[in-house]
Amino acid sequence: MELNQKLQNYAELLVDVGLNIHEGKRMFINATTDALPLVRKVVEVAYDRGAAEVKVNLSDDKIQRLNVLNRSEDELATVHDWIVEERMHYSNEKAGFLSLISSSPELLKGIDPMKLRKMQIATGTALKEFSARSQSDYHSWCVAGYPSPEWAKLVYPDLDENEAVEKLLDLILYTVRADQENPVEAWLQHDKNLHEKVDFLNGKKFHALRFVSPGTDLTIELPEKHLWAGASSKDSDGRDFMANMPTEEVFTAPKKTGVNGYVSNTLPLSYGGNIIDDFKLTFKEGKVVDFEAGVGYEILENILETDEGARFLGEVALVPDDSPISNTGTLFYNTLYDENASCHIALGSGYAFSVDGGKEMSREELEQEGINDSITHVDFMIGSADLDITGIEKDGTETAIFKKGDWAI
């Protein structure tokens, strides 16, 4: 299959499966200039499906780095009202929001960590209501990827720039099944397979999960009304959409105060244009009480100091080691892809739909149900071929969920 047809398939998947764009629906795209070949195809397909409007918000990585380097901390901590108002306007219209990730994981390497912290806190605070709407599936949203030369060279340092971009793009298209003859049908079957795991876990209603592997011995208690989710979600109008493309996970929220033990990362974490690696977190009654990191210590510290909720978990996700992305043997240095090659947990906010009735609850009510609140949500990978996961029921009955990195159920 030629590249142009794969890109066409990708665009159709994002519009039809990712966001479910239909007659009269608006669409909002966030992307960098590196993703323009895909953006143009997505816009064309969206209008072909009857979209009322496709708003495209483009940025440029080199300009972004220049801005962060040269603006003051106070300037970087300023989020203009019109930026928030624009997002909320399209949310009120129940637009579909597409984020295309292309930036190098090392885009902001070497920047003063305090600058990055202030910028990230300001942005998270300003867009908290918008983020809450996304996390409760008020409108459809989808995160996908497209390679930049800098990202591709990080993944394939031994190839020249053009070859690296071509190889990473081909791999991305493979991860979203755009290389198959009927990608939409392939996604529907994948959705069905993930929901079978979701149904099993929701039927068991485990009280807690225990994760054990080299460097990890962590027990995660689950909220009494917790719900597992995976693959497709439903927006507030009841229409299906796919929040992440690719996705291989099933996930729920931990009980905020119910996490105890220690956990080590198994893949590098790219955050805010920097790499964090070789780190370990220790939890007591839900809170990170100690941490260490071989790479990116200050960046990790800044994440944990974002706000009070940043030291608690908001997500626990199960991904088998024997899965399409993991089996490529490629380290993407990008959470969207690496988290779908590995079990992972997330510091920060939990999703409202992770408890029964949560979509209709306020943040205060969600907190009462055990769901953490924060302006940040940072996934990091803890899965490996050595990971065992045990489900623990209230009476102490144990069920093996993962053995040696893969599903045991």
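Computed from a prediction, not measured in an experiment: that's the story for all the values here.

Engineer: Now, about the nonpolar core: what can you tell me, with residues and values included?
Structural biologist: Within the largest apolar cluster, 108 residues are counted, with the highest numbers of intra-cluster contacts made by Tyr10, Leu14, Met27, Phe211, Leu281 and Leu318. For this core, the element with the most residues is helix 1 (residues 3–18), which contributes seven residues. Here this core gathers at least three residues from each of two domains, domain 1 (3–176) and domain 2 (198–230 + 246–407). When neighbours within four sequence positions are excluded, Tyr10 is seen to be in contact with Leu38, Ala144, Gly145, Ile172, Leu173, Val176, Ala178 and Tyr337. One finds Ala253, Ala352, Leu366 and Ile371 within the second-largest nonpolar core, a separate group that totals five residues.

Engineer: A description of unusual backbone geometry should follow, citing residues and the corresponding values.
Structural biologist: Each neighbour pair has its own omega, and for Met245 with Pro246 the value is 15°, a cis peptide bond. In this fold, Pro246 is placed in the loop between strand 9 (240–242) and strand 10 (250–252). A positive phi is found at Asn20, a non-glycine position, where the angle reads about 55°. Checked against the element boundaries, Asn20 lands in the loop between helix 1 and strand 1 (26–32).

Engineer: Run through the sheet that holds strand 10, naming residues and quoting values.
Structural biologist: Spatially, the five strands line up as an open sheet ordered 7-10-15-16-17, and their pairing is antiparallel. At either margin of the open sheet sits one strand with a lone partner, and together these are strand 7 (229–230) and strand 17 (377–381). Bridge count between strand 15 (residues 313–318) and strand 16 (residues 344–348): four bridges; the pairing is antiparallel. Looking at strand 16, one finds that Ala317 is bridged to His344.

Engineer: Talk me through the pattern of salt bridges; I want residue IDs and the actual numbers.
Structural biologist: Evaluation of the coordinates by the stated rule reveals 22 salt bridges. One salt bridge connects Arg177 with Glu248, and the closest N-O pair in it is separated by 3.6 Å. Here the residue Arg177 occupies a position in the loop between helix 9 (161–175) and helix 10 (183–204), and Glu248 occupies one in the loop between strand 9 and strand 10, the gap between them amounting to 71 residues. Each member of the pair Arg177 and Glu248 is classed as buried. Glu305 serves as the salt-bridge partner of Arg311, at 2.7 Å between the closest nitrogen and oxygen. According to the relative accessible area criterion, Arg311 is buried, its value standing at 16%. The structure contains a network of salt bridges with shared partners spanning Asp16, Asp48 and Arg49.

Engineer: Just give me the short version of the packing of helix 3 (residues 61–70) against helix 6 (residues 113–126), but keep the residues and values in it.
Structural biologist: How two helices sit against one another is set out by the angle between their axes and by the gap between those axes. At a minimum axis separation of 10 Å, helix 3 and helix 6 run at an interaxial angle of 110°. Between helix 3 and helix 6, the angle falls in the class roughly perpendicular. Between helix 3 and helix 6, the residues in contact are Val68, Leu69 and Asn70 and Lys115, Leu116 and Met119, respectively. Along the lines of polarity and charge, the residues of the contact of helix 3 with helix 6 split into four nonpolar, one polar and one charged.

Conventions and cut-offs
Residues numbered from 1 in each chain as written. Predicted model: local features only at pLDDT ≥ 70, side-chain atom pairs only at ≥ 80, totals over all residues. Heavy atoms only, no water. Core = buried A, V, L, I, M, F, W, Y, C linked by side-chain atoms within 4.5 Å. Buried < 20%, exposed > 50% of the residue type's maximum accessible area, 1.4 Å probe, protein only. Helix = DSSP H or I, 4+ residues; strand = E, 2+ residues; numbered from the N terminus. Domains from an automatic or database assignment. Contact = heavy atoms within 4.5 Å. Pairing = 2+ DSSP bridges. Salt bridge = Lys/Arg side-chain N within 4 Å of Asp/Glu carboxyl O. Axes fitted to C-alpha atoms, helices over the stretch in contact; angles between N-to-C directions. Parallel < 35°, antiparallel > 145°, perpendicular 65-115°, else oblique. Nonpolar A, V, L, I, M, F, W, Y, C, P; charged D, E, K, R; others polar.

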